[in-house]
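# Chain and residue survey
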Amino acid sequence: MCKIKNYSNEEPPWVDSLRVIQKIVIEDGVKKIYAYAFADCTRLEKLTIPVTVKTIGNFAFTASYCGDRLVNSGRNVFWSLNNGTLILKKNPAAKSDEDFSTGYETWEVVEKNIKSVKIERGIILGKRFYNWLERMNSDLPVAFL
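Now for a look at the structure at hand. Predicted, not measured: the structure shown is a model, and the values here were computed from it.

### Some remarks on the overall build of the protein chain
The helix and strand tally for the protein chain stands at 1 helix and 11 strands. Counting helices and strands in the order they occur from the N terminus, the protein chain gives β-β-β-β-β-β-β-β-β-β-α-β. Burial statistics for the protein chain: of 145 residues in total, 43% are counted as buried. For the protein chain, long-range pairs separated by at least 24 residues make up 52% of all intrachain contacts whose partners lie at least 6 apart in sequence. Within the structure as shown, the protein chain displays about 8,000 Å² of accessible surface, and the carbon and sulfur contribution to it stands at 47%.

Set out below in structure tokens:
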């Protein structure tokens, strides 16, 4: 299996370039991107993830911007992808339990890879989330953790 390894306990080899990387293209055939692989890419302008990627670890793109939007962050929410299931969880670093609303902009880059959605209880879903869900497919399975 082609994968980009787990960097949650160590820095990726491109750590010194994270704040200048402007383009990330994950090649077709890669199936897994582990946690923290591209965290803190603050100057990212283009991110391409092929449909072959079925799993993206927690915080793989946390605090990474693509244009003017965060890729893996939301209002106290973070996402991961596990075998095609988009998982929305409360960010453990959140300072408040209030307003866990989220829209789709943060995971838009992988929406073609999403086959179902699981949401941690307590996350308040915003109108944009429901609009995204309707646009994606009204039959997309949604469950709560």
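### Description of helix H1 (residues 127-136)
All buried positions along H1 are accounted for by Phe129, Trp132 and Leu133. Each buried residue of H1 lies within a common arc of 100° when the element is viewed along its axis, so the set occupies one face. Across H1 from its buried face, at more than 90 degrees, point the exposed residues Lys127 and Glu134. Looking at the buried side of H1, the elements it contacts are strand S9 (85-90), strand S10 (116-119) and strand S11 (142-144).

### Looking at the packing of aromatic side chains
Enumeration according to the criterion identifies 6 aromatic pairs in this entry. Taken together, a centroid distance of 5.6 Å and an interplanar angle of 25° make the contact between Tyr36 and Phe59 stacked. Here Tyr36 is found in the loop between strand S3 (30-33) and strand S4 (46-48), whereas its partner Phe59 is found in the loop between strand S5 (55-56) and strand S6 (65-66), with 23 residues between them in sequence. Taken together, the ring pairs connect Trp14, Phe38 and Phe61 into an aromatic cluster.

### Some words on the pairing of S3
Pairing between strand S1 (residues 2-4) and S3: 3 bridges, direction parallel. Each residue of the ladder has a partner; that of Cys2, found in S3, is Val30. Pairing of S3 with S5 involves 2 bridges; the strand directions are parallel. Residue pairing across strands places Ile33 opposite Ile56, the latter belonging to S5.

### Some words on the pairing of strand S8 (residues 77-82)
Burial analysis of S8 places 5 of its 6 residues in the buried class, which makes it a mostly covered element. Inspection of the sheet shows S8 paired to S9 by 6 bridges, in the antiparallel sense. Within S9, the position partnered with Asn82 by the bridge is Thr85. Taking the residues between adjacent antiparallel strands as the criterion, S8 and S9 are bridged by 2 residues, where Asn83 takes a positive phi near 50°.

### A look at the environment of Gln22
Along the chain, the position of Gln22 falls in the loop between S1 and strand S2 (23-25). In this structure, the C-alpha to C-alpha distance between Gln22 and Leu44, residues 22 residues apart in sequence, is 4.0 Å.

### Here's the deal with the environment of Arg135
Checked against the element boundaries, Arg135 lands in helix H1. The class of Arg135 is partly exposed, set by a relative accessible area of 46%. Here Glu111 takes part through its side chain, which lies 3.1 Å from a polar atom of the side chain of Arg135.

### Considering the pattern of salt bridges
One pass over the structure, following the stated rule, counts 1 salt bridge. Residues Arg135 and Glu111 are paired through a salt bridge, measuring 3.1 Å at the closest nitrogen-oxygen approach. Linking Arg135 in helix H1 with Glu111 in the loop between S9 and S10, this pair joins segments that are 24 residues apart in sequence. By relative accessible area, which is 17% here, Glu111 ends up buried.

Quick notes on the rules
- Residues numbered from 1 in each chain as written.
- Predicted model: local features only at pLDDT ≥ 70, side-chain atom pairs only at ≥ 80, totals over all residues.
- Heavy atoms only, no water.
- Helix = DSSP H or I, 4+ residues; strand = E, 2+ residues; numbered from the N terminus.
- Buried < 20%, exposed > 50% of the residue type's maximum accessible area, 1.4 Å probe, protein only.
- Contact = heavy atoms within 4.5 Å.
- Areas by Shrake-Rupley, 256 points an atom, 1.4 Å probe, with all protein chains shown as cover.
- Arc of directions from axis to C-beta.
- Phe/Tyr/Trp six-rings, centres within 6.5 Å; stacked < 30°, edge-to-face > 60°.
- Pairing = 2+ DSSP bridges.
- Polar contact = N/O pair within 3.5 Å; in protein donor to acceptor, adjacent residues only side chain to side chain.
- Salt bridge = Lys/Arg side-chain N within 4 Å of Asp/Glu carboxyl O.

These values are about where atoms sit, not about what they do.
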